[in-house]
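Examining the three-dimensional arrangement
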Amino acid sequence: MKNIPHKIYLTEEQMPKQWYNLRADMKNLPDPMLNPQTLKPVTEEDLYPVFCKELAHQELDNITRFVDIPEEIQDFYKMYRPSPLIRAYQLEKALDTPAKIYYKFEGNNTSGSHKLNSAVAQVYYAKKQGLTSLTTETGAGQWGTALAEACAFFGMDLTVYMVKGSYEQKPFRKSIIQTFGANVIPSPSNTTKAGRKILAENPGTSGSLGCAISEAVEKAVTTPDCRYVLGSVLNQVLLHQSIIGEESAIAMQLIDEYPDIVIGCAGGGSNLGGLIGPFMRDKLNGKANPRIIAVEPASCPSLTRGRYAYDYCDTGKITPMAKMYTLGCGFMPSPNHAGGLRYHGMSPILSKLYHDGYMEAVSVEQTKVFEAATFFAKKETILPAPESSHAIRAAIDEAIKCRETGEAKTILFGLTGTGYFDMTAYNSYLEKTMSDYIPTDADLEKGFAGLPHIPGIQE
Ligand SMILES: *Cc1c(COP(=O)(O)O)cnc(C)c1O
């Protein structure tokens, strides 16, 4: 048998020069995003007040299969990419499994996550259009950090609405974002109409991603030469994140491997959508049939227990409506939820692929996630982000099944980032104060009750 190295890095020549657009290979496309005023499919022009032109184009482009990565972005990528594809030899040994486990590690940059892959692209196109500032939301803080890094590099002003609970729990996250020159505001805030309304209705709220999105969008559309950018969910973000999957496929080809199972954690779906690109492409085109598994928290189970319906992307209901698996835009995970991945909806592309049976989804409880995280840390010497640890949990579970059946499957999972800023969560796991909360059907019904009624489309 060929001796497979522990780590596979592509050379600069081998690095992908194009992003991949999954929609070009989907026989059944996601339903179009709807303009909340006209209830008609959004046009590129509809999106111009919110997104810069090139990103509006990428958002609605269902046709172009491969998109050239501009040279400036390729050069930026070269500062922290390729990311390594790592063979988890020590984890395999510890699990006594015949499975071969590989992971693509995206935590080797200051944002500590894959988020920088899309941040640099979004800032580049906004700058090229002559815009001067951007707004965004951040929950756990990785996206805010990534965007602040990219804005500092290209010389753009940035305002980050940071979910208040996270702002208070992770002061150093805030400091990093400020170090890169961005303005950080805890959300909900009194700086926007949407924020003031949410505060008036719920003064003690610790905020949510949906609230922060409403504030950031409002600020963008009311500020000259300013646009809003989002770090997940959107089609354009999956496009940029396809760099993860394209690199993985090239690296696996170099060692004559192909995954039987591809696993990723799913919050809004961007890392998973990026990682699975080439493998889903083969699946859609009948060339291979890998299992593809999305892993989500049991406390925020959009794919496994959500509705496939049109919903707003934000709590303030000012964004277009997307057809996706959703828990309702008013959904907020229980306060004891510590593992990230808290968004109420899921990428419309992944939602459609899941709905059509091309992917599976599992949900896992957070104590099981942190158990997998600490086990992985001890064997592979990387402190994983809680989000990423959802994928670790599922990969370990699949490897244990292989031990039981004796099958030597090849498993690839996405290790999206590092967990240095999540020690409050790790502590509560270590001190055994962490608990699992699984919403009841009645809890979820409250969220579904708020789904929009769209005459002729969704009653
Ligand atoms: C943001 C984030 C996620 C979840 O976002 P997706 O869009 O679902 O990929 C996962 N892991 C890390 C480390 C993150 O920062």
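Preceding this section is the structure that the text describes.
Structural notes, computed from the coordinates. Because the structure is a prediction, the values reported are computed rather than measured. (Residues numbered from 1 in each chain as written. Predicted model: local features only at pLDDT ≥ 70, side-chain atom pairs only at ≥ 80, totals over all residues. Heavy atoms only, no water.)

Considering the pairing of strand E11 (residues 291-297)
Among the seven residues of E11, six are classified as buried, and the element is accordingly described as predominantly covered. Where E11 meets strand E14 (residues 360-364), five bridges bridge the pair, whose relative direction is parallel. Across the sheet, Ile-293 pairs through a bridge with Glu-360, a residue of E14. (Buried < 20%, exposed > 50% of the residue type's maximum accessible area, 1.4 Å probe, protein only. Helix = DSSP H or I, 4+ residues; strand = E, 2+ residues; numbered from the N terminus. Pairing = 2+ DSSP bridges.)

A look at the sheet that holds strand E9 (residues 226-228)
Pairing is parallel across the open sheet formed by four strands, whose spatial order is E8-E7-E6-E9. The open sheet terminates on both sides in strands that have one partner only, identified here as strand E8 (183-187) and E9. Neighbour to neighbour, the strand axes of the sheet diverge by 20° on average, direction disregarded. Bridge count between strand E7 (residues 157-163) and E8: five bridges; the pairing is parallel. (Axes fitted to C-alpha atoms, helices over the stretch in contact; angles between N-to-C directions.)

As for the packing of helix H2 (residues 53-60) against helix H11 (residues 235-254)
Packing of H2 against H11 leaves a shortest axis separation of 7 Å and a crossing angle of 90°. Here H11 runs roughly perpendicular to H2, going by the angle between their axes. Mapping the contact onto sequence places Leu-55, Gln-58 and Glu-59 in H2 and Asn-235, Gln-236, Leu-239 and His-240 in H11. (Parallel < 35°, antiparallel > 145°, perpendicular 65-115°, else oblique. Contact = heavy atoms within 4.5 Å.)

Some details on the packing of aromatic side chains
Counted according to the given criterion, the structure contains 17 aromatic pairs. Aromatic pair Phe-370 and Tyr-429: ring centres 6.1 Å apart, planes at 25°, arrangement stacked. Here the residue Phe-370 occupies a position in helix H16 (residues 366-380), and Tyr-429 occupies one in helix H18 (residues 423-430), the gap between them amounting to 59 residues. Judged by relative accessible area, which is 0%, Phe-370 ranks as buried. Given a relative accessible area of 21%, Tyr-429 falls into the partly exposed group. Relative to Phe-413, the ring of Phe-376 has its centre 6.2 Å away and its plane inclined at 75°; by these criteria the two rings are edge-to-face. Residue Phe-376 is found in helix H16, and its partner Phe-413 is found in strand E15 (residues 410-415); the two are separated by 37 residues along the sequence. An identical accessibility class is assigned to Phe-376 and Phe-413; each is buried. Three or more aromatic residues link up through ring pairs in this structure, and these residues are Phe-76, Tyr-77, Tyr-80, Tyr-124, Tyr-125, Phe-153 and Phe-154. Against the face of Tyr-20 rests Arg-281, its NZ or CZ located 4.3 Å from the ring centre. (Phe/Tyr/Trp six-rings, centres within 6.5 Å; stacked < 30°, edge-to-face > 60°. Lys NZ or Arg CZ within 6 Å of the ring centre and 35° of its normal.)

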